[in-house]
Amino acid sequence: MSNTLPSLLLVGGGRMGSALLAGWRERGLSSVLVVDPSPAAAALAGPNVTVVASAADIPHGFAPGAVILAVKPQMAAQALPAYARFGGHAVFISIMAGKTLNAIAAMLGVKAAVVRAMPNTPAAVRQGITVAVAGSHVTPAQKTLADELLAATGLISWVESEAMLDPVTAISGGGPAYVFLLAELMEQAGLDQGLPPALARQMARQTLIGSAALLAASDEDAAALRIAVTSPGGTTERALAVLRADDAWPETFAKAIQAATERSRELSS
Ligand SMILES: NC(=O)C1=CN([C@@H]2O[C@H](COP(=O)(O)OP(=O)(O)OC[C@H]3O[C@@H](n4cnc5c(N)ncnc54)[C@H](O)[C@@H]3O)[C@@H](O)[C@H]2O)C=CC1
Ligand SMILES: O=C(O)[C@@H]1CCC=N1
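Bear in mind the structure is a predicted one, so any value in this text is a computation, not a measurement.

Rules used in this analysis
Along each chain, the written sequence defines residue order, and numbers are assigned to residues from 1. The order in which chains are written sets their letters, starting at A; the order in which ligands are written sets their numbers, starting at 1. Only residues with pLDDT of 70 or above have their local features reported here, since the model is predicted, and side-chain atom pairs are shown and tallied only from 80 upward, although totals for entire chains, interfaces and linings are computed over all residues. Excluded from the side-chain calculation are hydrogens and water; included are all heavy atoms of the structure. Definition of nearness: a residue and a molecule or strand are near each other if at least one heavy atom of the residue lies within 4 Å of the molecule or strand. For this analysis, a polar contact is any N or O atom pair within 3.5 Å, provided that within protein one partner can donate a hydrogen and the other can accept it, and provided that sequence-adjacent residues contribute only side-chain to side-chain pairs. Note on residue categories: nonpolar means Ala, Val, Leu, Ile, Met, Phe, Trp, Tyr, Cys or Pro, charged means Asp, Glu, Lys or Arg, and polar means any other residue, Gly included. By the criteria applied, helices consist of DSSP H or I runs no shorter than four residues and strands consist of E runs no shorter than two, each listed in order from the N terminus. Note on classification: 1.4 Å probe, protein chains only; a residue is buried when its accessible area is under 20% of the maximum for its type, exposed when over 50%, partly exposed between these limits. The contact criterion used throughout is that any non-hydrogen atoms of two residues lie within 4.5 Å. Where accessible areas are quoted, they stem from the Shrake-Rupley method and a 1.4 Å probe; at the residue level, only the protein chains shown are allowed to cover. UniProt positions are given in the numbering used here, feature names are shortened, and annotations may be inferred rather than shown by experiment. Side-chain atoms within 4.5 Å are what join buried Ala, Val, Leu, Ile, Met, Phe, Trp, Tyr and Cys residues into a set we call a nonpolar core. Pairing between strands is defined by DSSP: at least two bridges between them are needed. Crossovers are described as right-handed under a simple rule: with the strands pointing away from the observer, the path leading from the first strand over the helix to the second runs clockwise. Residue ranges for the domains originate in an automatic or database domain assignment. Once two parts are brought into contact, the accessible area they lose, counted with a 1.4 Å probe and summed over both, makes up the buried area. Aromatic pairs are defined between Phe, Tyr and Trp rings, using the six-membered ring for Trp, whenever the two ring centres lie within 6.5 Å; interplanar angles under 30 degrees are classed as stacked, those over 60 as edge-to-face, and all others as tilted. Look at NZ for Lys and CZ for Arg. If either is within 6 Å of the ring centre and within 35 degrees of the ring normal, a charge sits over the ring.

Visitor: So what's going on with the site of ligand 1? Residues and values would help.
Guide: Taken together, the neighbourhood of ligand 1 is formed by 22 residues, with Arg-15, Met-16, Asp-36, Val-71 and Ala-97 sitting nearest. One nitrogen or oxygen atom from the main chain of Arg-15 is found 2.8 Å from an oxygen atom belonging to ligand 1. Of the residues belonging to the shell around ligand 1, the class tally is 14 nonpolar, five polar and three charged.

Okay, structure coming up:
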């Protein structure tokens, strides 16, 4: 990350805010002021990172180049108006699920420069993916800054259509939860089959980690890697026949993504 970064204001230092902060820290950052009323947030303080409990505690004259909005969407109406005063120069980067550019601008001022982004928790280890859309008042320099901040935590893709952010939220935003659920289910299945708990846990975790590393290292489609595991007439084929049966996993998964996409739309206003 460039050492010419402006000061940053992070509103909400919870799971996702702290994941972003961790990504910025690894890249080396200028200075970040975190606003979070939770006593747990004090642990985020460190070199170049200051934590305060409320917007009222922000030092007079503090002029962030970017304000990252990482509070729950349900907190937005209460929390955001206090930051409207930074709208003259700062770019606002919202990671709130569902909240539209228009809804955010209604709380910060209609001329506010707003980027709506959807990262995911692997941002904490710089393996995240963020999809972002820029509002109409965002300048090229502000978009470059937002890109630099979001790219510090992994891959970033920009889209033109804001509507894409709803399925993005469902797929990559929430995606780590589905993968962790798979780890839980594999571990439980090992226990159910009588394997020792430590071995069941180790197998589940390393199988996911190793498979992800293989996917990353391979030019092949996921389907080809799956087929490579599936010997005709073998054991995996038998398991996949259950997982891929009518009404089973593929259909359930598509329904789950549809449900999350609809929830993202519901959270919009
Ligand atoms: N957790 C995830 O995987 C992802 C979450 N998001 C979005 O990130 C946002 C934050 O989610 P999480 O980090 O999971 O929630 P969280 O509950 O872990 O963090 C929210 C933080 O906001 C703080 N907070 C509450 N009121 C505040 C206020 N008035 N001013 C400043 N801070 C305040 C809370 O103390 C808490 O630390 C949400 O909008 C969510 O939609 C986006 C992508 C992925
Ligand atoms: O569950 C949520 O609403 C947020 C958005 C994506 C991941 N967590």
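From this point on, the discussion continues.
Visitor: How would you summarise the side chain of Arg-116 if you had to cite specific residues and measurements?
Guide: For Arg-116, the location among the structural elements is in strand S6 (residues 113-118). Residue Arg-116 is classed as buried on the basis of its relative accessible area, which comes to 2%. With residues near it in sequence (within four places) discarded, Arg-116 still touches Ser-94, Gly-98, Lys-99, Thr-100, Leu-101, Val-131, Ala-132, Val-133, Glu-162, Leu-165, Asp-166 and Ser-264.

Visitor: Could you give me a rundown of the site of ligand 2, with the residues and numbers involved?
Guide: With respect to spatial proximity, the complete set of residues near ligand 2 consists of Ala-97, Thr-169, Gly-173 and Gly-174. A total of 250 Å² of accessible area belongs to ligand 2 in isolation, and the protein chains cover 44% of it. Partitioning the shell around ligand 2 into residue classes produces one nonpolar, three polar and no charged.

Visitor: Could you give an account of the UniProt feature "domain: Pyrroline-5-carboxylate reductase catalytic N-terminal" (unreviewed entry) in the protein chain, naming the residues involved and the relevant values?
Guide: UniProt annotation of "domain: Pyrroline-5-carboxylate reductase catalytic N-terminal" (unreviewed entry) refers to residues 10-98 when read in the numbering used here. Here residues 10-98 runs as 19% helix and 20% strand, with 19 Å between its end C-alpha atoms.

Visitor: I'd love a proper account of the environment of Leu-195, names of residues and values included.
Guide: Relative to the helices and strands, Leu-195 resides in the loop between helix H6 (175-192) and helix H7 (197-217). Dropping the residues within four chain positions of it, Leu-195 is found in contact with Gly-190 and Met-203.

Visitor: Describe in detail the nonpolar core, supporting the description with residues and values.
Guide: By size, the foremost hydrophobic cluster in this structure holds 31 residues, and its most contacted members are Leu-9, Ile-58, Leu-80, Tyr-83 and Phe-92. Of all the secondary structure elements, the ones that give two or more residues to this core are strand S1 (8-11), strand S2 (32-35), strand S4 (66-69), helix H2 (76-79), helix H3 (101-108), S6, strand S7 (128-134) and helix H5 (165-173). Residue contributions to this core peak at four residues, all from H3. Every residue in contact with Phe-92, bar those within four places of it in the chain, is listed here: Val-67, Leu-69, Tyr-83, Phe-86, Gly-87, Leu-108, Ala-112, Ala-113, Val-114 and Val-115. Core analysis: the second largest hydrophobic core is formed by 30 residues, Val-34, Leu-44, Ile-68 and Ala-117 among them.

Visitor: Requested: an account of unusual backbone geometry, with residues and values cited.
Guide: Its identity is not glycine, yet Asn-48 carries a phi of approximately 70°, on the positive side. The residue Asn-48 is located in the loop between S2 and strand S3 (49-52) in this model. By relative accessible area, which is 44% here, Asn-48 ends up partly exposed. One non-glycine residue with positive phi stands out, namely Arg-126, at about 55°. As for its placement among the helices and strands, Arg-126 is situated in the loop between S6 and S7. By relative accessible area, which is 32% here, Arg-126 ends up partly exposed.

Visitor: Let's hear about the pairing of S7: which residues, and what values?
Guide: S7 sits mainly inside the fold: five of its seven residues count as buried. By the bridge criterion, four bridges tie S6 to S7 in an arrangement that is antiparallel. Note on S7: the bridge partner recorded for Val-115 is Ala-134. In this fold, S7 hands off to helix H4 (residues 140-151), which returns the chain to strand S8 (residues 154-158); that crossover is right-handed.

Visitor: Tell me about the domain arrangement of the protein chain, and name the residues and values.
Guide: Annotation of the protein chain at the domain level lists domain 1 (8-168) and domain 2 (175-268). Using only C-alpha atoms to locate each centre, domain 1 and domain 2 end up separated by 32 Å. Across the interface of domain 1 and domain 2, roughly 740 Å² is buried in total on both sides, 53% from carbon and sulfur atoms. Counting the surface domain 1 buries against domain 2, the share from its top three residues, Gly-98, Asp-166 and Pro-167, is 47%.

Visitor: A description of the packing of aromatic side chains should follow, citing residues and the corresponding values.
Guide: Taken as a whole, this structure holds two aromatic pairs when the rule is applied. Each ring, one from Tyr-178 and one from Phe-253, has its centre 5.7 Å from the other, and the planes form 90°; the classification is edge-to-face. Pair noted here: Tyr-178 is in helix H6 and Phe-253 is in helix H10 (residues 249-266), with a separation of 75 residues, a long-range link. Take Phe-253: its relative accessible area is 36%, and that puts it in the partly exposed class. Geometrically, the ring pair formed by Trp-249 and Phe-253 is tilted, given 5.8 Å between the ring centres and 55° between the ring planes. With Trp-249 and Phe-253 both in helix H10 and four residues apart, this pair spans about one turn of that helix. Owing to a relative accessible area of 49%, Trp-249 belongs among the partly exposed residues under this scheme. Here a set of aromatic residues connected by ring pairs shows up, and it is made of Tyr-178, Trp-249 and Phe-253. Above the plane of the ring of Trp-158 lies Lys-143, whose end atom (NZ or CZ) is 4.9 Å from the centre.

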